[in-house]
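What follows is each chain in one-letter form.
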Amino acid sequence: MRAALVLASLLNLAGCTAIGPASIQSGRLSYTEAINQTDTQQTLLHIVRNRYDETSTLLGVSAVAASINISSSTTISLPFGKPAYYTGSLVPFSGTVQFDESPTISYTPVQGRQYMVQFMSPVPLDVLVPLARTAPDPGPLLGLLVSRINEVSNPVFVPPPAMQPDARFPRILELIGRLRAVGRLSWALEPGEAARFAIVISHYAPAYTQEVRELVRLLGAPEQADTGKPVVLPVVLAVEAPDSGGLSVETRSVFELLQIMGSVIDLPEDHVKAGVVAPSPPLGWAGRGLRIRWAANQPGNAHVAVQYRGLWYYIEDSDRATKNAFRVAHALIAMVIGESIKGTSGAPVLTVPVK
C-alpha cells in the first residue's frame, strides 16, 4: 500500500509537469490565431460598413487571462475476503488527471478624441518610411499612402473634367521601385535629434544614369553635373519642396485609406439601384488593381471574409495585390487601436468569460 501511494504521487507530479508546457504550446497558438482572424474580420467589416456610410465600432483586445485548473485522483483497490471473489477483476491501482482551462477576454471600445485625431491625421513619416523600406516593392504602398510628391498629385478620385490621373506619379513610383530593386536606392535616417529621412541614390553610373536623371527631373529637383556623385533627396512632410531639393510628401490618413479600400468593393446592383449605397467616382492610381468581392454564400477561397446584409464580402486568397493593401490597412488600424486604448484605465471594458 505504501508503494502504491508513492507511485501515485510520482505520477501526479509527472502529469502536472507534462500538462503545463503542453497547455502553453496549444493554448497560446490557438488564442493568437483566433485574435488574428477576428481582427482581420473586424477590419474588413469596418471597411464595408464605412462604404455603406454606416457607423462602425471597433473593439481592441486589451487582455487575455487563462486560468488553468489541474486536479488528480488515485484509487487503490485492496483485497478483502476470499481470493475467488476478486481474482481477475481487482485493479490494484488507478489514477486520473483532469485539466480545465477557463479563459477570460477583455475588450476595450476604441473611442474618444485621441482615436479621432489619429484616425483622421496624415500617416507620419516615421511610420511611412519603415513600411517603404521593408516592402519588396514600395510602389503600391506609396501609391496607397501618399497623396502628393512635390507638385505631382495622386488623388483618391479623379473628378471631371480631368478624368485621368497624372501619369507622372506612377512613373515616379516605378523608378523608385526599380532603383531600389537593383540596390541603387535606399531610405536613410539623417543624423540629428529629430527624425529626418532621405532617399539616397548611389553607385548608379553608368548603367542607371538615365533612370536617375528622369527621376530627378520628374521630382523637379536640381540636376547634378557629376553623375558619379550620390544623390541625396531629403524627405519631408510638407506642402512645398525643400529649398535644397528633395521630396515634399503629403500622406493620407487611415480614414482616406479606408475610402480607397471601400471603393474597390464590388457592389450588388440591387443595393445601388435602391440607393442604399452610391457608386464611386473614377479612382486614381491608388485603388487600381484592387478588388473586394461579394457572394451569396460563404466563399471557400477567401483570405478573409465577413457577413454583412445577408451577403459575404471577401478578398480572394489568390489576389496578392488586394491582400497586401489590406494588410497595410489592417496594420495601420491596429496601430490606431493600440495607441487609443493604451493607458485607458478609466475606459469601459467588456470582459467575457469563454466556456
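Structure first, text after, so check above.
Below or above, wherever it landed, is the structure these notes cover. (Residues numbered from 1 in each chain as written. Predicted model: local features only at pLDDT ≥ 70, side-chain atom pairs only at ≥ 80, totals over all residues. Heavy atoms only, no water.)

Note that Ser248 resides in strand β8 (residues 247-251). With twelve residues separating them in the primary sequence, Ser248 and Val236 have C-alpha atoms 5.1 Å apart. Only 2.5 Å separates the side chain of Ser248 from the backbone oxygen of Ala238, close enough to count as a polar contact. (Helix = DSSP H or I, 4+ residues; strand = E, 2+ residues; numbered from the N terminus. Polar contact = N/O pair within 3.5 Å; in protein donor to acceptor, adjacent residues only side chain to side chain.)

An ideal rise of 1.5 Å per residue puts 32 Å on 22 residues; helix α10 (residues 320-341) measures up with 31 Å between its terminal C-alpha atoms. Inspection of α10 places Thr322, Ala325, Phe326, Val328, Ala329, His330, Leu332, Ile333, Val336, Ile337, Ser340 and Ile341 among the buried residues, and these make up the whole buried set. (Expected span 1.5 Å × (residues − 1). Buried < 20%, exposed > 50% of the residue type's maximum accessible area, 1.4 Å probe, protein only.)

Taken in spatial order, the three strands line up as β9-β11-β10 in an open sheet, and their pairing is antiparallel. The open sheet has two free edges, formed respectively by β9 (293-295) and β10 (302-308), since each of these has just one partner strand. Mean inter-strand twist for the sheet, computed between neighbouring axes without regard to direction, equals 30°. Here β9 runs beside strand β11 (residues 311-316); their pairing, made up of three bridges, is antiparallel. Of the residues in β11, the one forming a bridge with Trp294 is Tyr313. Along the sheet, α10 contacts β10 and β11; its crossing angle with β11, the most-contacted strand, is approximately 100°. (Pairing = 2+ DSSP bridges. Axes fitted to C-alpha atoms, helices over the stretch in contact; angles between N-to-C directions. Contact = heavy atoms within 4.5 Å.)

Moving on: unusual backbone geometry. At the junction of Ala205 and Pro206, the peptide bond is cis and its omega measures out at 0° in the coordinates. Among the structural elements, Pro206 can be located in the loop between β6 (196-201) and α7 (209-219). Located in the positive-phi region is Asn150, a residue other than glycine, with phi close to 55°. Topologically, Asn150 is positioned in the loop between β3 (146-149) and β4 (152-153).

So, on to the pattern of salt bridges. Overall, the coordinates contain eleven salt bridges when judged by the stated rule. A salt bridge links Arg291 to Asp266, with the shortest nitrogen-to-oxygen separation between them at 2.5 Å. Note that Arg291 is positioned in the loop between α9 (269-273) and β9 and Asp266 in the loop between α8 (254-263) and α9, a separation of 25 residues in sequence. Judged by its relative accessible area of 36%, Arg291 falls in the partly exposed class. (Salt bridge = Lys/Arg side-chain N within 4 Å of Asp/Glu carboxyl O.)

Overall, mixed pairing links the six strands, which are arranged β4-β3-β8-β7-β6-β5 in an open sheet. In this open sheet, the two strands that pair with only one neighbour each are β4 and β5 (185-190). Relative to β8, β3 runs antiparallel, the two being bridged by three bridges. Across the sheet, residue Arg148 finds its bridge partner in β8, namely Glu250. Contacting β3, β4, β5, β6, β7 (231-237) and β8, α7 crosses the sheet at an angle of about 35° to β7.

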